[in-house]
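Secondary and tertiary structure notes
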Amino acid sequence: MTVRVRLAPSPTGTLHLGTARTALFNWLFAKKEGGTFLLRIEDTDIERSKEEYIKNIFDGLKWLGINWDESPTIQSERVNEHKKIIRTLLDKGFAYRCYVSEAELDEMREAQKRNGLAPKYDNRHRNLTPEQESEFIKVGREPVIRFKISDQKLISWNDLIRGEMNWSGKDLGGDMVIARRAPANSIGDPLYNLVVVADDSAMKISHVIRGEDHLANTAKQILLYEALGLSIPVFAHTPLILNSEGKKLSKRDGVTSISEFKKMGYTSEAMANYMTLLGWSAPEGINERFKISEISEIFSFKKVNKASAKFDWDKLNWLNSQVIHEMPAETLLENLNPMFKENGWHLPSKEWGINLISLIGPSMVLINDGVDQAKPFFEEPALSDDGRKQLKVKEAAEILNFILEKLGNSDASKFSKDEALDLINQATKNCEVKKGLVMKSLRAALFGTLNGPDLIQSWVLLSRFSKDRARISRFI
Ligand code: GLU
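My aim in this report is to walk through the structure given alongside it, one point at a time.

**Notes on the packing of helix H17 (residues 417–431) against helix H19 (residues 455–463)**
At their nearest, the axes of H17 and H19 sit 9 Å apart, and the two run at 115 degrees to each other. Crossing handedness for the pair H17 and H19: right-handed. Within the contact between the two elements, H17 uses Lys-417, Ala-420, Leu-421, Leu-423 and Ile-424 and H19 uses Ile-456, Gln-457, Trp-459 and Val-460. Split into classes, the residues belonging to the contact of H17 with H19 amount to seven nonpolar, one polar and one charged.

**A few points about the pattern of salt bridges**
Within the structure shown, the criterion is met by 32 salt bridges. Residue Arg-78 pairs with Asp-199 through a salt bridge whose shortest N-O separation is 2.7 Å. Of this pair, Arg-78 sits in the loop between strand S3 (73–74) and helix H3 (79–91) while Asp-199 sits in helix H6 (residues 192–202), and the two are 121 residues apart along the sequence. Of the two residues, Arg-78 and Asp-199, neither departs from the other in class, the shared state being buried. Here Arg-289 makes a salt bridge to Glu-326, at a shortest N to O gap of 2.7 Å. Here Glu-326 lies in helix H11 (residues 313–326) and Arg-289 lies in the loop between helix H9 (268–277) and helix H10 (292–295), a separation of 37 residues in the sequence. The class of Arg-289 is buried, set by a relative accessible area of 15%. Salt bridges linked by common partners bring Arg-6, Arg-40, Glu-42, Arg-78, Asp-199 and Asp-200 together as one network.

**Things to note about the packing of aromatic side chains**
Enumeration according to the criterion identifies 20 aromatic pairs in this entry. Ring centres 5.2 Å apart and planes at 35 degrees place the aromatic pair Phe-58 and Trp-68 in the tilted group. In this pair, Phe-58 is assigned in helix H2 (residues 51–64) and Trp-68 in the loop between H2 and S3, connecting sequence segments ten residues apart. With a centroid separation of 4.9 Å and 5 degrees between ring planes, the pair formed by Trp-345 and Phe-378 is classed as stacked. Here Phe-378 lies in helix H14 (residues 369–378) and Trp-345 lies in the loop between helix H12 (329–342) and helix H13 (350–360), a separation of 33 residues in the sequence. Against the face of Tyr-121 rests Arg-146, its NZ or CZ located 3.5 Å from the ring centre.

**Remarks on the side chain of Asp-43**
With respect to the helices and strands, the residue Asp-43 is situated in the loop between strand S2 (36–41) and H2. Buried within the structure, Asp-43 lacks any salt-bridge partner; its nearest side chain of opposite charge belongs to Arg-40, at an N-O separation of 8.5 Å. Contact partners of Asp-43, with chain neighbours within four places excluded, come to Pro-11, Ser-49, Ile-74, Gln-75 and Ser-76.

**Looking at unusual backbone geometry**
Despite not being glycine, Glu-70 shows a phi value in the positive range, around 60 degrees. For Glu-70, the location among the structural elements is in the loop between H2 and S3. On the basis of relative accessible area, Glu-70 is assigned to the partly exposed category, the value being 48%. Of note in this structure, Glu-432 is not a glycine but carries a positive phi near 55 degrees. Looking at the secondary structure, you find Glu-432 in the loop between H17 and helix H18 (435–447).

**Focus: the sheet that holds strand S1 (residues 4–7)**
Reading across from one edge, S1-S2-S3 is the order of the three strands in this open sheet, with parallel pairing throughout. The outermost strands of the open sheet, each flanked by one partner alone, are S1 and S3. Set on the sheet, helix H1 (residues 17–33) makes contact with S1 and S2; between it and S1 the angle comes to about 165 degrees.

The rules we used
The residue count restarts for each chain, going from 1 along the sequence in the order it is written. Residues qualify for local features only when their pLDDT is at least 70, as the model is predicted, and side-chain atom pairs are given and counted only at 80 or more; totals for whole chains, interfaces and linings, by contrast, use all residues. Note that the side-chain values use all heavy atoms of the structure and ignore hydrogens as well as water. Only the stretch in contact is used when fitting a helix axis, every axis being a line fitted to C-alpha atoms; angles between N-to-C directions are given from 0 to 180 degrees. Counting from the N terminus, the helices are the DSSP runs of H or I reaching at least four residues and the strands are the DSSP runs of E reaching at least two. Left-handed describes a crossing in which the near helix is turned anticlockwise from the far one by less than a right angle; the clockwise case is right-handed. Should any heavy atoms of two residues lie within 4.5 Å, those residues are counted as being in contact. Residues are grouped as follows: Ala, Val, Leu, Ile, Met, Phe, Trp, Tyr, Cys and Pro are nonpolar; Asp, Glu, Lys and Arg are charged; all remaining types, including Gly, are polar. Whenever a carboxyl oxygen of Asp or Glu lies within 4 Å of a side-chain nitrogen of Lys or Arg, that contact is scored as a salt bridge. Three exposure classes are used, based on accessible area relative to the maximum for each residue type with a 1.4 Å probe and protein chains only: buried under 20%, partly exposed in between, and exposed over 50%. The rule is short: rings of Phe, Tyr and Trp, with Trp giving its six-membered ring, pair when the centres are within 6.5 Å, and they are stacked under 30 degrees, edge-to-face over 60, tilted in between. Any Lys NZ or Arg CZ that is within 6 Å of a ring centre and within 35 degrees of that ring's normal is treated as a charge sitting over the ring. We count Lys and Arg on the positive side and Asp and Glu on the negative side, and we leave His and both chain ends out. Strands are treated as partners if at least two bridges between them are detected by DSSP.

Below is the structure:
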């Protein structure tokens with residue numbers, strides 16, 4: 001079978017983590033099977049769909065390394081095809097016009113609620129006579145179009161992830177609306193389940209891979225495929241992504257869109273790696289730190305869990321730090337330098353920048369950490385509590401004075417690690433203190449705090465701007 005899969009995002013918001021994960025599973029499967037991965041923009045909700053969201057979705061997918069084949073299908077451009085299919089269903093008696101008003105529907109649901117029943121349309125207009133229809137039209141009622149769903153119908157499919165699935169027609173909410181209200185001589189806006197079947201069929205989609213929140217839709221869509229005599233694709237329903245409390249990940253969890261993760265300093269490689277692990281388990285012998293191109297050679301739905309996947313920030317952070325630590329300093333600098341420039345920070349030389357990155361890179365988890373950690377090299381840092389305390393130690397001023405005098409008017413641009421170490425040793429001897437005290441006092445004066453990367457290397461970098469002297473002189 002030629003594999004053709006698709007991602008069908010609605011551009012009513014930015015690219016959501018769940019949609020991106022669905023995209024990834026589609027893409028991995030297509031690559032593994034030598035198939036085609038397509039995009040369809042489901043923009044039929046004209047009011048909520050926005051051009052900027054389409055751009056955000058395209059950008060997010062490209063950033064993650066998920067490329068699509070062929071140009072995207074735009075659902076709204078196919079509305080005439082959708083209406084043609086609805087007409088066929090009406091002509092063949094699979095669908096009918098239903099004139100029940102919203103107030104009557106509310107009343108029906110209220111009664112069901114009172115009797116402890118699940119809300120369900122009771123199919124009351126399924127068999128209207130032409131006379132009854134004309135009566136409704138005469139009084140100005142506009143109908144929806146409903147597709148008949150028999151309570152007795154059993155629907156089964158073999159899901160690539162969930163195995164054999166069975167649904168009963170009686171659990172699908174009654175006859176399904178496939179077109180919105182419109183005058184009786186026309187066809188209103190076609191609705192989701194109908195257009196998805198029409199488009200998946202026109203795009204010759206072989207496998208529909210999407211979130212398990214679409215299970216009931218799949219049952220309904222299979223009924224439409226059958227009524228229209230179209231071949232039914234294979235289905236795979238991916239597990240939901242839950243937050244740390246076990247609830248469906250939603251906007252309330254803060255970050256859910258791919259562009260936000262990017263803004264926070266996550267790398268595309270770690271994101272793609274982590275999202276693959278949200279539901280898919282690496283087979284034995286495969287490390288959890290991988291590139292998606294490697295996984296595309298071995299991906300299979302057999303290793304996708306049925307159980308929901310819990311979002312684990314620690315794991316994502318670990319993967320991100322791995323990616324950052326594996327990055328050549330030059331690449332990391334290329335990522336960070338635009339952010340440095342935005343802050344008005346300019347590298348004295350590329351070599352200096354690479355040395356800075358080599359110094360701070362190993363403790364970075366997020367790309368943006370590089371900005372925080374580089375800051376004290378460009379801007380005078382505020383004194384933290386521990387720094388202030390250290391500088392109040394009685395020998396601190398003497399130590400700093402000694403170092404400053406020794407530095408004298410020497411050429412700051414030539415200051416080396418050996419000289420720095422030698423100065424620290426001299427100060428230790430001269431002031432008759434422990435070396436640790438010298439190091440701590442110096443660090444506090446230079447960087448405002450007692451924590452940070454290697455002091456000698458940091459000092460040498462800072463001296464390149466002669467900033468060390470100015471900072472030390474504040475405390476003597
Ligand atoms: N537009 C739907 C969504 O974003 C597509 C679902 C499907 O893949 O059929 O949920």
